[in-house]
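Here is how the chains run, residue by residue.
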Amino acid sequence: MEFDARKSGPKDVPPQEERGISFKDLKEILREPSSTNVGGPAKSKGTEAAAADSTEVLYRQAIIEREQVIRDLLEGKQPSLETLIRIVTDFVEALSISSHLLVVSFSYSKDLFYPLFKSVNHAILAVKLGMGFEKYEKNDLIKLGVACLLSDVGIWKVPRELILKTGRLSPSEQAEVRRHSTYSGEMLKILPTGHQWLQTVAEQSHERENGSGYPRGLRGDEIHEFAKIIGLVESYEAITHYRPYRPEGLRTPDAALKELINSHESEGFSGEMVKILVRQLSVFPPGSWVRLNTGEIGQVLESNSFAPLRPKVEVWIDASQTRLKNPKVIDLDNGLLVYITGCINPAALPKEK
Ligand SMILES: [Fe+2]
């Protein structure tokens, strides 16, 4: 059965499988922490790994709790904004201590249904980006994160076969996928008085500074600032994560930043926001897999704003390309002999022997 959201009202909610959320997806999310690291070795419980595990629990919990919010919206019920506020407050607090949450947001298996976690990734990235805006206080970051968690809810009204289709979409299929921001706006009409701005942000998250966006082709100041931020992080997240419509695979985080720097004008992103994103994520963003001059391979744990080329790295693969049972953490700022020679795509990591 194809779900035509335009004809369906709140009473006409299709079975869960057809809306996109499947039991398998949720079961996958509920697996033990640290077991779905893309391409990465299973983690043993060192100090860093234990810290990452608690962040991973936070991330998984956010996906599960947000799924209930989507479910409520699809059924025409008032969603729990309190839940979303709590999720984002936890994100803001976690990100003000370390970048583990960003690392976790890069660690998800391509086998998962990506709409389940992409908006959670947007919220993490947007909060991290928003922390680079001097004018944003904690409450602004929370509002921004909540807007992220709600902005793409309309994607659940797009037929799952279009979301999962590999290869190029036909013009009519593309038009249907693009309707998701309008669907989001329709779904969010139910929010209580005083929250209409969330509907506006959702409807505008694919509008672009230069008028090249959709659905209305708005420009510059006509677009809510949060919608511009969401548009930018959504684009970065899509480039750096698996998508079925892009058979060539994902870009490494550093390549994605370079792409945004080079294309931001034609893509209609604010140059100022791209600059802040680069500053906040650094050259090698947390979560990137990097090769060291020693031949070892590791994942960036924490960037270093004073020395962007010298982050803290968790080494998982030694110089003989053997996976380590216990990773070792190297702070590249503590010595100049070891340095990063480049990012590597997680799909190209050496397989377990
Ligand atoms: Fe979107």
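Residues numbered from 1 in each chain as written. Predicted model: local features only at pLDDT ≥ 70, side-chain atom pairs only at ≥ 80, totals over all residues.

Draft legend 1. The packing of helix H4 (residues 81–97) against helix H7 (residues 138–151), seen in detail. Put simply, H4 and H7 touch, their axes get as near as 9 Å, and they point 120 degrees apart. If you check the angle between H4 and H7, you find them oblique. Note that H4 runs across H7; the crossing there is right-handed. The segment H4 lies against H7, with Leu81, Leu84, Ile85, Ile87, Val88, Thr89, Phe91 and Val92 engaging Lys138, Leu141, Ile142, Gly145, Val146 and Leu149. A per-class count over the contact of H4 with H7 returns 11 nonpolar, two polar and one charged. (Axes fitted to C-alpha atoms, helices over the stretch in contact; angles between N-to-C directions. Helix = DSSP H or I, 4+ residues; strand = E, 2+ residues; numbered from the N terminus. Parallel < 35°, antiparallel > 145°, perpendicular 65-115°, else oblique. Left-handed = near helix turned anticlockwise from the far one by under 90°. Contact = placed C-beta atoms within 7 Å. Nonpolar A, V, L, I, M, F, W, Y, C, P; charged D, E, K, R; others polar.)

Draft legend 2. Examining the pairing of strand E2 (residues 297–302) more closely. For E2, the buried fraction is high: five of the six residues fall into the buried class. Pairing analysis gives three bridges linking strand E1 (residues 289–292) to E2, with the strands arranged antiparallel. Each residue of the ladder has a partner; that of Val290, found in E2, is Gly298. In sequence, E1 turns back onto E2 through a hairpin of four residues, with Gly295 there showing a positive phi of about 95 degrees. Of the strand pairs in this sheet, E2 and strand E3 (residues 312–317) are connected by five bridges, and their pairing is antiparallel. Residue pairing across strands places Gln299 opposite Glu314, the latter belonging to E3. (Buried ≥ 20, exposed ≤ 12 C-beta atoms within 10 Å, placed from the backbone. Pairing = 2+ DSSP bridges.)

Draft legend 3. Region of interest: the packing of H7 against helix H12 (residues 225–240). Across the interface, H7 lies against H12 with an axial gap of 10 Å and an inter-helix angle of 60 degrees. By the criterion of interaxial angle, the relationship of H7 to H12 is oblique. Of the two possible hands of crossing, H7 and H12 adopt the one that is right-handed. When H7 is examined against H12, the residues Leu144, Ala147, Cys148 and Ser151 are found in contact with a partner set consisting of Phe226, Ile229 and Ile230. Here the residues of the contact of H7 with H12 sort into six nonpolar, one polar and no charged.

Draft legend 4. Just the environment of Arg323, in detail. Inspection of the secondary structure puts Arg323 in strand E4 (residues 323–331). With 26 residues separating them in the primary sequence, Arg323 and Ile297 have C-alpha atoms 9.2 Å apart.

Draft legend 5. Structural context of the nonpolar core. Phe91, Ala126 and Val127 are the most contacted members of the largest nonpolar core, which has 77 residues in total. No other element matches helix H6 (residues 115–130), which puts nine residues into this core. Looking at which domains feed residues into this core, each of domain 1 (16–281) and domain 2 (289–348) gives three or more. Contact partners of Phe91, with chain neighbours within four places excluded, come to Leu101, Ala123, Ile124, Val127 and Gly145. (Core = buried A, V, L, I, M, F, W, Y, C linked by C-beta atoms within 7 Å. Domains from an automatic or database assignment.)

Draft legend 6. Looking closely at helix H14 (residues 271–281). Those residues of H14 lying buried are Met273, Val274, Ile276, Leu277, Gln280 and Leu281. Buried residues along H14 cover an arc of 160 degrees about the axis, so they all sit on one side. Facing away from the buried surface of H14 by more than 90 degrees, the exposed residues are Gly271 and Glu272. Turning to H14, the residues buried within the fold contact H6, H12 and helix H13 (253–267). (Arc of directions from axis to C-beta.)

Draft legend 7. Representation of the sheet that holds E1 within the structure. With antiparallel pairing, the five strands of this open sheet are ordered in space as E4-E3-E2-E1-E5. Strand pairing shows two members of the sheet lacking a second neighbour, E4 and strand E5 (340–344), which therefore form its edges. Along the sheet, successive strands turn relative to each other by an average axial angle of 35 degrees, direction set aside. Bridge count between E3 and E4: five bridges; the pairing is antiparallel. Across the sheet, the residue bridging to Lys312 is Asp331, located in E4.

Draft legend 8. A look at unusual backbone geometry. Note that the residue after Tyr214, namely Pro215, is joined by a cis bond; omega there is 10 degrees. Structurally, the position occupied by Pro215 is in the loop between helix H11 (196–204) and H12. Notably, Ser282 is not glycine yet its phi reads approximately 70 degrees, a positive angle. Mapped onto the secondary structure, Ser282 falls in the loop between H14 and E1. Overall, Ser282 belongs to the buried group, with 23 C-beta atoms counted inside 10 Å. Positive phi, close to 65 degrees, is recorded for Gln321, a residue that is not glycine. Within the secondary structure layout, Gln321 lies in the loop between E3 and E4. A tally of 13 C-beta atoms within 10 Å means that Gln321 is categorised as partly exposed.

Draft legend 9. Geometry of the confidence of the model for the protein chain. When pLDDT is averaged along the protein chain, the result is 83; 84% of the residues meet or exceed 70. Throughout residues 1–45 the model reports pLDDT below 50, and contacts reaching past four residues in sequence, or to other chains, amount to 70 contacts. (pLDDT = per-residue confidence, 0-100.)

Draft legend 10. Quick peek at the environment of Cys343. Checked against the element boundaries, Cys343 lands in strand E5. Among the residues examined, Cys343 registers 20 C-beta atoms within 10 Å and is labelled buried. Placed 59 residues apart in sequence, Cys343 and Phe284 show a C-alpha to C-alpha distance of 7.6 Å. Excluding residues that lie within four positions of it along the chain, Cys343 makes contacts with Thr252, Pro253, Asp254, Ala255, Phe284, Ser288, Trp289 and Val290.

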